[in-house]
Amino acid sequence: MLKKIFLPLLCLFLFILHPGAAYNKHVTTRISPAAKTVTITASGNQLSMVIDYSAGYVIKQLQIKGKNVLSPAGIYTGIATKTGIFSSGKGSGNIKLSQNKGIIKLSGLTYGDGNLTVNETWEFKVNGDKISWTITRDYNRDAELEDMAFPKYNFSNLAVWKGGILDNGGVVWCKYLKQVDDTYGVHTGGVTYWNAEWGNGLRISTKTDNGDAVASKFSHSSNNEFTSTQLVTNSVLQQRHDLSRFVSQKADIFAPFKVKKGTVKVQVDLQYVDYFKEYSRGTLPGVDAAAVRELMNTTGRYGVVDNNIIGGNGWLTNWKCLHEPFFAQIGMALGDKNYTKNMSATLNQERDEAMLADGRVLSRWHNEAGDEIPGTYNPKTGYYEAMWGYTVDSQTGYVINASEQFDLNGDVNWLHSHQASCEKALDWLIKRDANHNGIFEMMNNNIAEKKASDWLDIVWASYENAFVNAQMYEALNLWANCERVLGNKEKAAYYTAIAARLKTAFNKPVYEGGFWSPTKKQYVYWRDNDGSVHGDNLVTPVNFAAIAFGLCDDPQRRALILDQIETRTAKENLFHWPLCFDSFKKDEVSAGNWPFPKYENGDIFPTWGYLGVRAYAGYNKGIALKYIHKLLNQYKKDGLSSQRYSRVSQLGLGDDILAGISTGITALYRDIYGLRPKWNRMGIEPKLSAELNGTKFSYTLRDTAYHIKLSIDKYMVSTSGFTVTGKQAFGVSKNGKTLSFYPGNQDSMQLSAKAATSHSINLHVDAWSVGSYSWSVSSADDYQFTIKGLQPGAAYRVWINNTPQNIKANANGDIMLKKRCTAVTTFKLRKVD
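If you're wondering where the values come from, they're calculated on a predicted model, not measured in any experiment.

Enquirer: Teacher, can you tell me more about the confidence of the model for the protein chain here?
Expert: Reading predicted coordinates in detail is not appropriate for stretches of low pLDDT. Here the protein chain averages 95 in pLDDT, and 97% of its residues register 70 or above. Taken together, the stretch residues 1–25 has pLDDT below 50 and engages in 13 contacts with residues farther than four places along the chain or on a different chain.

Put into structure tokens, the structure is as follows:
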């Protein structure tokens, strides 16, 4: 009774003190008519704002956990015409404030140049932990604008946030806006800013009416503020300076644009984010999880130049190389659906704009001409052939990325849309085997031409190039699997056979036309058309690729190569592997690579680190982890913010930054933790060492959150619908009431458990080897078990809770069992000899 009397009296007391306060367990709004300000609070005081409507509309403060992150300029809207800049902070009209059903509304504001007038209304409402801000703008006529703020956020300095994760999977990394008016502009509106020291984050989500386009630009102001400006237009904005997404010392990155008479409405949601929690990498024993998180959210995302353009070098220099096959893999490690969506769109654009009619894939994208073979640059699309030579690995880069991207997006229709183009890309290179020896030839013939043929673009690798052919082997095998999914068994067999022939030819000794050097105990880099052999200076990407992609499966050769590389790397105490250990000959490289060690002739390029980790993970996991640790330590020193590192000083070199420098950490996920999603399932294929026991993290694939726990010989994958444990690699999916288990994460066999109810299924697979299979179920239900991939017509014996019975596989190699499980139920299946 006392409580019923006290609460209304408390509400009345609060209203007398603050007549604009709304009753809630947190005060959400407070109006000061005298100061003409409104304070709105959400998220239990973690996010609040102060709106000043004394002379217009301005958000003067935006507080994150009680700390204002804005400069005195605050947040406002506005337009820029040829006659001037006009903003909501200095408008005219009879400004009115009203409240209705929890909505604070500001109306009556007008601003403009007299010719174009903007009438604007702002509305605010607290929705849970978000403050929703609706901006309604009316233009009195059609007009052309130079710029727009819809709105503009003026943060106090460039240290407030480390960066902002964009909703196209990319990142604005504040430290790269070094000079006044340095500006990065992209065609997306959502961003999550974070402070890596305190873990505070601010998420801004933007929704438009009527399909209007949103763009954003981020800049370093003359007041040393970090500014973020959003633009809302009827059509997608064009760039002002060629195709540049980043420009130095110029704030006007977008071209002038048209606005139409009428109303434009935008809803902006502002939300506090616990960055450490939301972007947690989980529990990673033996690995610096915070460094992994920061590296992946900065360098790992830096390759997103814009919508439809993901690749290195990255946005700072407006460059993308299409001959880098690891950007889908980076997306796998990120686990960000926005990156995945953008990577699919990127490959769509490359299929449509970067592929020539004969199947040739242009090797680069850039914002302006100047780096191209004359006549190849397309100023509308930005794609071209690099001036250094026809880098043939763009053929394989496109196919590898497309194949691995399919395992992330799981979209068979998307894959089908790339079938003809991937076949054309492969066939273009398959035709380049003039001497029919199974090794594919480049477009340059010998070092005298002084042209490149792959990623090492000022090394004159020619004719039969081992690095390109190793990538071709990977591309052929990956695409053959895609053809199987698409139901084209004939094409799958065709590409598999070509890959097998290439493998045989590749592994022949150099004196028989292959790439293996018995004297140097390594794979050489290339052979000129005169038969001369080049690149026997222990070129690491060549030798790592041969092992990582499965061309070299000879244990002795593998040991010779990897022991040699580790001995030499350790002797120099390098934090990462150099491109080569000994010098090329002077006539094999550009003068820019001289004297040794310099640039591509001996410096450290971590871009190809994933090949090294993958190669060592199957040979010596301790060495693989050693260089992952070293890479993370280097990130903590300098953010891996370099193109390369000096072999001598191990200091960063080069003005450019290569997004691929993060691949050593993506390999941690793929090749150590064994994260191997497939188009129709989640998969794990771990290669753990004891120090990683107890690894736990969550991973979202196609909107399903998977919880993964890993220790040696004890793997678990769980969702709300199942828990599966096992001692070996496996894949798993659930569709409706049916759980499907893929031993080894392969398609050759499958165990499915169809339950009568939708309850969670708990499955443990104890062993799975040829002719002998055992598993148990601990979740009560009526089950129908189906084992596929057995020997057709063969006799088997099954024990259910140690009770045996005989059973025979059908003509398809399937066996079906039905069992009501009320407690832990064990199954053992053996082939009867």
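Enquirer: Sorry if this is basic, but what is going on with the nonpolar core here?
Expert: Proteins that are soluble and globular tend to have nonpolar side chains buried together. Counting 245 residues, the largest nonpolar core has Tyr673 and Trp775 as its most contacted members. The contact partners of Tyr673, leaving out residues within four places of it in the chain, are Leu284, Val287, Leu668, Pro686, Leu688, Leu692, Thr695, Phe697 and Leu710. Of all hydrophobic cores here, the second largest spans 5 residues; its members include Ile165, Val171, Trp194 and Tyr279.

Enquirer: Sorry if this is basic, but what is going on with empty space enclosed by the protein here?
Expert: In this approach, a probe sized like a water molecule rolls over the atoms, and the result shows the empty space that is left. Under the defined criterion, the tally for this structure stands at 3 cavities of 30 Å³ or more. Estimated volume of the largest cavity: approximately 50 Å³. In this structure, the largest cavity is lined by Thr540, Pro541, Phe544, His576, Trp577, Pro578, Leu579, Phe605 and Trp608. By residue class, the composition of the lining of the largest cavity is 7 nonpolar, 2 polar and no charged.

Enquirer: Would you mind showing me how to read helix α7 (residues 393–409) here?
Expert: Owing to its 3.6 residues per turn, the α-helix aligns residues three or four sequence positions apart on the same side. Taking 1.5 Å as the rise per residue, α7 with 17 residues should run 24 Å; its terminal C-alpha atoms sit 24 Å apart, in good agreement. Of all 17 residues in α7, 17 are buried; the element is thus mostly enclosed. One or two positions beyond α7, positive phi appears at Gly410, with a value near 60°.

Enquirer: Just checking my understanding: could you explain the sheet that holds strand β29 (residues 383–384) for this structure?
Expert: Where strands meet in a sheet, backbone hydrogen bonds hold them as pairs that are either parallel or antiparallel. Taken together, 4 strands build an open sheet; the order of strands is β26-β27-β28-β29 and the sheet is antiparallel. Two strands bound the open sheet, and with one partner strand each, they are β26 (313–314) and β29. Inspection of the sheet shows β26 paired to strand β27 (residues 319–321) by 2 bridges, in the antiparallel sense. Considered in β27, the bridge of Asn313 is made with Lys320.

Enquirer: Can you walk me through the pattern of salt bridges in this structure?
Expert: A side chain of one charge can pair with a side chain of the opposite charge when the charged atoms of the two come close. Applying the stated criterion across every chain yields a total of 32 salt bridges. Residue Glu278 pairs with Arg203 through a salt bridge whose shortest N-O separation is 2.7 Å. Here the residue Glu278 occupies a position in helix α2 (residues 275–278), and Arg203 occupies one in strand β18 (residues 200–208), the gap between them amounting to 75 residues. Two residues, Asp288 and Lys636, come together in a salt bridge whose shortest N-O distance is 2.8 Å. Remark: Lys636 occurs in helix α15 (residues 621–638) and Asp288 occurs in the loop between α2 and α3 (289–297); sequence separation between them is 348 residues.

Enquirer: Hey, could you run me through the pairing of strand β43 (residues 738–743) in this one?
Expert: Residues in a regular strand point their side chains to alternate faces of the sheet. Counting buried positions over the 6 residues of β43 gives 5, a clear majority of the element. Pairing analysis gives 6 bridges linking strand β42 (residues 730–735) to β43, with the strands arranged antiparallel. Among the inter-strand pairings, Val732 is bridged to a residue of β43, identified as Phe741. The antiparallel hairpin formed by β42 and β43 contains 2 residues in its connecting segment, where Gly736 sits at a positive phi of about 65°. Count of turn residues in the β43/strand β44 (residues 750–755) antiparallel hairpin: 6 residues, of which Gly744 carries a positive phi of about 70°.

Enquirer: Looking at this structure, how should I read the sheet that holds strand β14 (residues 163–166)?
Expert: If you trace the 9 strands from one edge of the open sheet to the other, you get β8-β9-β10-β11-β23-β18-β17-β14-β15, paired in antiparallel fashion. At either end of the open sheet lies a strand with only one pairing partner, and these are β8 (96–100) and β15 (171–173). For this sheet, the mean angle separating the axes of adjacent strands, direction not counted, is 20°. Here strand β9 (residues 103–112) pairs with strand β10 (residues 117–127) via 7 bridges, running antiparallel. Each residue of the ladder has a partner; that of Tyr111, found in β10, is Val118.

Enquirer: Help me understand helix α6 (residues 337–353) in this model?
Expert: For α6, which comprises 17 residues, the first-to-last C-alpha distance of 24 Å matches the rise-based estimate of 24 Å (1.5 Å per residue) to within 8%. Restricting attention to buried positions, one finds in α6 the residues Tyr339, Thr340, Asn342, Met343, Ser344, Thr346, Leu347, Gln349 and Glu350.

Enquirer: Just to check I follow, could you spell out the packing of aromatic side chains for this structure?
Expert: The relation between two aromatic rings is expressed through the spacing of the ring centres and the mutual angle of the planes. The full count for this structure, using the stated rule, is 54 aromatic pairs. Pairing Trp775 with Phe827 gives two aromatic rings, centres 5.2 Å apart and planes at 5°, and the pair type is stacked. Pair noted here: Trp775 is in strand β46 (residues 772–777) and Phe827 is in strand β51 (residues 825–831), with a separation of 52 residues, a long-range link. Residue Trp775 is classed as buried on the basis of its relative accessible area, which comes to 2%. Cation over ring: Arg360 sits above Trp428, and NZ or CZ is 5.3 Å from the ring centre. In this structure, Arg681 is placed above the aromatic ring of Tyr742, and the distance from its NZ or CZ to the ring centre is 4.2 Å.

Conventions and cut-offs
Residues numbered from 1 in each chain as written. Predicted model: local features only at pLDDT ≥ 70, side-chain atom pairs only at ≥ 80, totals over all residues. Heavy atoms only, no water. pLDDT = per-residue confidence, 0-100. Contact = heavy atoms within 4.5 Å. Core = buried A, V, L, I, M, F, W, Y, C linked by side-chain atoms within 4.5 Å. Buried < 20%, exposed > 50% of the residue type's maximum accessible area, 1.4 Å probe, protein only. 1 Å grid on protein atoms, 1.4 Å probe; cavity = no way out; pocket = protein on both sides within 12 Å on 5 of 7 lines; lining within 4 Å. Points joined across faces, edges and corners; volume = space filled by probe spheres on them. Nonpolar A, V, L, I, M, F, W, Y, C, P; charged D, E, K, R; others polar. Helix = DSSP H or I, 4+ residues; strand = E, 2+ residues; numbered from the N terminus. Expected span 1.5 Å × (residues − 1). Pairing = 2+ DSSP bridges. Salt bridge = Lys/Arg side-chain N within 4 Å of Asp/Glu carboxyl O. Axes fitted to C-alpha atoms, helices over the stretch in contact; angles between N-to-C directions. Phe/Tyr/Trp six-rings, centres within 6.5 Å; stacked < 30°, edge-to-face > 60°. Lys NZ or Arg CZ within 6 Å of the ring centre and 35° of its normal.

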